[in-house]
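Each chain, letter by letter, is given below.
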Amino acid sequence: MPRPGRLGIGVVGAGKVGAVLGAALRAAEHAVVGVHAVSEASRERAEALLPGVPILPIPDLVRRAELVLLAVPDDALGPLVKGLADAGHWQAGQLVVHTAGRYGTGILEPARAAGAIPLAIHPAMSFTGMSLDLTRLQDCMFGVTADRMMLPIAQALVVEMGAEYAVIEEEDRGLYHAALAHASNHLVTIAGQSAQLLRIAGVERPDRVLGPLMRASLENALSSGEGALTGPVARGDVGTVAIHRDALAKDAVSPDVRDAYLSMARATAQRALARGLLTEAQTAAILDALS
């Protein structure tokens with residue numbers, strides 16, 4: 001027998017996120033009544049992850065769905081919601097859910113004004129757009145924002161997909177998203193910059209050098225926090241830091257690498273001071289070496 005509370009879901013955007021979340025909700029016995037896909041890649045993704053689901057124009061999809069999942073680029077979300085409101089497509093009592101990290105429910109205000117119920121559920125993970133993401137969702141946290149009365153609905157949707165949630169207040173969505181971008185995007189930048197330096201130093205396989213080091217550092221940081229901090233800055237090793245500074249001044253080193261290292265080393269020194277790993281004098285010497 002069908003489970004109670006099952007919804008007819010329309011997925012707007014069969015990108016890597018939308019197709020996977022649609023498939024996860026379908027696995028929870030919700031009915032995906034339609035998907036909007038424009039590019040050839042998104043159509044193929046919809047066919048692979050949501051077989052048998054019709055590809056529909058957005059107005060038709062919104063008319064059929066009890067829950068509309070908006071998985072579109074951040075900058076497209078506001079104009080899309082407003083355009084559908086201006087055309088009179090939102091329905092009273094309809095759930096409207098977006099997956100953008102930087103927004104809460106305020107971006108859905110035009111839908112709310114039409115009587116729809118706005119929810120924000122953002123999965124804090126990188127997506128491949130393939131079926132393996134469905135398994136990875138079970139180790140994923142969602143940032144959830146909704147009106148207090150409607151918050152249990154957003155939480156239930158996340159739990160049904162096998163994931164966990166953290167409630168993020170509307171005014172904190174910017175901080176939340178900045179934290180994720182800093183941790184994820186900048187990690188990729190640091191890995192790329194470090195690999196560049198190793199290639200300059202003659203290492204043919206930087207990934208073999210960096211892989212074990214970065215994986216261990218990440219695991220230690222996640223399990224022990226800043227108690228895992230090590231290295232020349234945290235030890236107050238001014239001489240080593242000065243050597244790093246001079247090496248990064250070479251013409252072969254990109255300015256962005258040099259700037260990133262110096263900025264991160266200064267931040268590390270300040271945080272080491274706050275944790276009592278460095279004295280005021282040691283911190284001043286490190287910062288002087290980095291200037």
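Quantities reported herein were computed from a predicted structural model and do not represent experimental measurements. (Residues numbered from 1 in each chain as written. Predicted model: local features only at pLDDT ≥ 70, side-chain atom pairs only at ≥ 80, totals over all residues. Heavy atoms only, no water.)

Section: the packing of helix α11 (residues 238–248) against helix α13 (residues 280–290)
To be explicit about the condition: Inter-axis angles, ranging from 0 to 180 degrees, are taken between N-to-C directions of lines fitted to C-alpha atoms, where helices are fitted over the stretch in contact. Put simply, DSSP H or I for four residues or longer makes a helix, DSSP E for two residues or longer makes a strand, and each gets a number counted from the N terminus. The cut-offs work like this: below 35 degrees is roughly parallel, past 145 is roughly antiparallel, 65 to 115 is roughly perpendicular, and the gaps in between are oblique. A clockwise turn of the near helix away from the far one marks a right-handed crossing, whereas an anticlockwise turn of less than a right angle marks a left-handed crossing. Pairs of residues are marked as contacts when any of their non-hydrogen atoms sit within 4.5 Å. When residue character is reported, Ala, Val, Leu, Ile, Met, Phe, Trp, Tyr, Cys and Pro are called nonpolar, Asp, Glu, Lys and Arg charged, and the others, Gly included, polar.
It is at 9 Å that the axes of α11 and α13 come closest, and there the two elements cross at 15°. The angle between the axes of α11 and α13 places the two elements in the roughly parallel class. Regarding α11 and α13, the two cross each other, and that crossing is right-handed. Of α13, the residues touching α11 (which contributes V238, V241 and R245) are A285, I286, A289 and L290. Partitioned by chemical class, the residues of the contact of α11 with α13 number six nonpolar, no polar and one charged.

Concerning the side chain of H122
Applied cut-off: The buried label goes to any residue with under 20% of its type's maximum accessible area, the exposed label to any with over 50%, and the partly exposed label to all in between, with areas taken from a 1.4 Å probe on protein chains only. Here a polar contact is recorded for every N or O atom pair within 3.5 Å, except that within protein the pair must consist of a potential hydrogen donor and a potential acceptor, and residues adjacent in sequence are included only if both atoms are side-chain atoms.
Tracing the chain through its elements places H122 in strand β5 (residues 117–123). Overall, the relative accessible area of 11% leaves H122 in the buried class. A polar side-chain atom of H122 sits 2.7 Å from a polar atom in the side chain of Y176.

Looking at the layout of surface pockets
This is how it is decided: Both site types are read off a 1 Å grid over the protein atoms alone. A 1.4 Å probe that fits but cannot get out defines a cavity, while an open set with protein on both sides within 12 Å along at least five of seven lines defines a pocket; lining residues have an atom within 4 Å of a point. Grid points are joined across faces, edges and corners, and a volume is the space filled by probe spheres set on the points.
One number sums up the size of the second largest pocket: a volume of about 180 Å³. Lining the second largest pocket are A124, M125, R136, D139, C140 and M141. Tallied by class, the residues present in the lining of the second largest pocket amount to four nonpolar, no polar and two charged.

Topic: the pattern of salt bridges
Opposite charge on two side chains allows them to pair when their charged atoms are near. Which entries qualify depends on this criterion: The term salt bridge refers to a side-chain nitrogen of Lys or Arg lying within 4 Å of a carboxyl oxygen of Asp or Glu.
Evaluation of the coordinates by the stated rule reveals 11 salt bridges. One salt bridge connects R63 with D60, and the closest N-O pair in it is separated by 3.0 Å. Of this pair, R63 and D60 are both found in helix α3 (residues 58–64), three residues apart, which corresponds to roughly one turn of the helix. Classification of R63 as exposed rests on a relative accessible area of 54%. In this structure, D147 engages R112 in a salt bridge whose closest nitrogen and oxygen atoms are separated by 2.6 Å. Of this pair, D147 sits in the loop between β6 (141–146) and α7 (151–160) while R112 is found in helix α5 (residues 109–113), placing the two residues 35 residues apart along the sequence. Using a relative accessible area of 31% as the deciding quantity, one classes D147 as partly exposed. What you see here is one network of salt bridges that share partners, running through E109, R112 and D147.

Comments concerning the pairing of strand β1 (residues 8–12)
Here is the rule we go by: By definition, two strands form a pair when at least two bridges between them are found by DSSP. By convention a crossover is right-handed if, when the strands point away from the viewer, the path from the first strand over the helix to the second runs clockwise.
Of all five residues making up β1, five are buried, and the element is well covered by its neighbours. Of the two faces of β1, the one holding G8, G10 and V12 and the one holding I9 and V11 are both buried throughout. Sheet analysis places β1 next to strand β2 (residues 31–36), joined by five bridges and oriented parallel. Residue pairing for β2: I9 is matched across the bridge by V32. Between β1 and its parallel partner β2, the chain crosses via helix α1 (residues 16–27), and the hand of that crossover is right-handed. In the sheet, β1 pairs with strand β3 (residues 67–70) via four bridges, with the strands oriented parallel. Note on β3: the bridge partner recorded for I9 is L67.

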